[in-house]
Amino acid sequence: MAVSMETEGAGGGSGRKGGRVDAVLVGKAVDALLKWSGAQKQQAKAQLLEDDQLVYVVVGMNKVPDKGRTNPCSVTLPHPLYQMDGSREICLIVSDRENGKVKLNKQTAKGRIEKEGLNIAKVIPLSKLKKDYFSFEAKRKLCGSYDIFLADDRILGELPKLLGKAFYKKKKHPIPVNLTRAQWAGQITAALNSTFVYVSGGTCSVVKVARVSQTREEIIANVNAVVEGVAQQIPRKWANIRALFLKTLESVALPLYQSLPEMPLKIELPGLSQLKSSEPLKKKPKLVEGSKEKVARSSKNESAEVGDKMDVVVEDAVVDAEKLKKRKRKDTGDGKRKAVRA
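Residues numbered from 1 in each chain as written. Predicted model: local features only at pLDDT ≥ 70, side-chain atom pairs only at ≥ 80, totals over all residues. Heavy atoms only, no water.

The protein carries the name Ribosomal L1 domain-containing protein 1 in an unreviewed UniProt entry, which gives Ceratodon purpureus as its organism. On record in UniProt, under Sequence similarities (unreviewed entry), the comment for the protein is "Belongs to the universal ribosomal protein uL1 family. Highly divergent." (UniProt positions renumbered as here; feature names shortened; annotations may be inferred.)

See the structure below:
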């Protein structure tokens, strides 16, 4: 039987209707993160570009999913993390394979971008990514050159090996988009308005939910949307969620939800455990059906032998009693004779 142990206010009556995580607790966690972030900015030296930190929800699961997914699951955010207003530079990675259903080279992709008026600064074909960005230094420079990376969802499984650890260490996972559609604007806008849950071969997943520069109400709304969306995407849903935490990249993790693992209640007494370990129980031999008659015959023979032995014992006891009586009579007769003579 699973027992749910939730943190302060979690799952209580004051929480959001139909939710497992208390909205009051989410608000307190957001306030603590904003206060900590403000203190960090005051202590840090003045920078030319302000570092807009991301806020993450860390999801801990009870069991590893049976089948990990290469493509992430999307969750729509009420307040997007990115805007298509040109304030952030976007790099698009396209697939130019020969055997692809829709082959895109650099010139074709740029033509589509200009036609739809999309603010994308760089287009990199897959072949060029393999050839020109092979070294670690080239991958590191590419990671720092752009704010957002979009990638054709057909090649998403190959990108972790091609891009290297720098992208995933700085949380710049390429956002998957479907470039086989007739219109790219809707696909790219939907991708930028969503966050993604990576359900891989582990029990922990980190999801982007907001930015520190957003308002308190926007961050809280995004956190609530991500919590409910993640629960629908994870296998076994809430039954598989062990804990939820809220944090920035450098802050401590603040708990939002926690449940006890499903463990059977087992009580062992020291005396019984020692007895069981030192003196193993002897199992009775099992009887075969064919040997039942032999067992019955042997039991009859044993009972007959016991009866004969009991008869012998009784006869011996009677003989001994008669001998004892004769000795007493003899002793009494000898005593009377001696007394008369005297």
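Moving on to empty space enclosed by the protein. This model, assessed by the stated rule, comprises 1 cavity of 30 Å³ or more. Considered as a void within the structure, the largest cavity measures approximately 50 Å³ in volume. Taken together, Val-30, Leu-33, Leu-34, Val-55, Val-212, Ile-219 and Thr-248 make up the lining of the largest cavity. In terms of residue count, helix α1 (residues 23–43) provides more of the lining of the largest cavity than any other element does, 3 residues in total. Partitioning the lining of the largest cavity into residue classes produces 6 nonpolar, 1 polar and no charged. (1 Å grid on protein atoms, 1.4 Å probe; cavity = no way out; pocket = protein on both sides within 12 Å on 5 of 7 lines; lining within 4 Å. Points joined across faces, edges and corners; volume = space filled by probe spheres on them. Helix = DSSP H or I, 4+ residues; strand = E, 2+ residues; numbered from the N terminus. Nonpolar A, V, L, I, M, F, W, Y, C, P; charged D, E, K, R; others polar.)

With that settled, consider the packing of aromatic side chains. By the definition in use, this model includes 3 aromatic pairs. Summarising the aromatic geometry, the rings of Tyr-146 and Phe-149 are spaced 6.0 Å apart at their centres and angled 85 degrees between planes, so their arrangement reads as edge-to-face. Assessed through its relative accessible area of 14%, Tyr-146 is described here as buried. Taken together, a centroid distance of 5.2 Å and an interplanar angle of 65 degrees make the contact between Trp-238 and Tyr-257 edge-to-face. Taken together, the residues Trp-238 in the loop between α8 (216–233) and β9 (241–248) and Tyr-257 in strand β10 (residues 254–258) connect sequence positions 19 residues apart. Just as Trp-238 is buried, Tyr-257 falls in that class too. Through successive ring pairs, a cluster of aromatic residues spans Tyr-146, Phe-149 and Phe-167. (Phe/Tyr/Trp six-rings, centres within 6.5 Å; stacked < 30°, edge-to-face > 60°. Buried < 20%, exposed > 50% of the residue type's maximum accessible area, 1.4 Å probe, protein only.)

The next thing to look at is the packing of α1 against α8. Between two packed helices, the angle of one axis relative to the other and the distance separating the axes together describe the packing. The contact between α1 and α8 brings their axes to 10 Å, and the two run at 130 degrees. Judged by the angle between their axes, α1 and α8 are oblique. The two elements α1 and α8 cross, and the hand of that crossing is right-handed. Residue-level contacts link Val-26, Gly-27, Val-30, Asp-31 and Leu-34 of α1 to Arg-216, Ile-219, Ile-220, Val-223 and Asn-224 of α8. Across the contact of α1 with α8, the residue classes tally to 6 nonpolar, 2 polar and 2 charged. (Axes fitted to C-alpha atoms, helices over the stretch in contact; angles between N-to-C directions. Parallel < 35°, antiparallel > 145°, perpendicular 65-115°, else oblique. Left-handed = near helix turned anticlockwise from the far one by under 90°. Contact = heavy atoms within 4.5 Å.)

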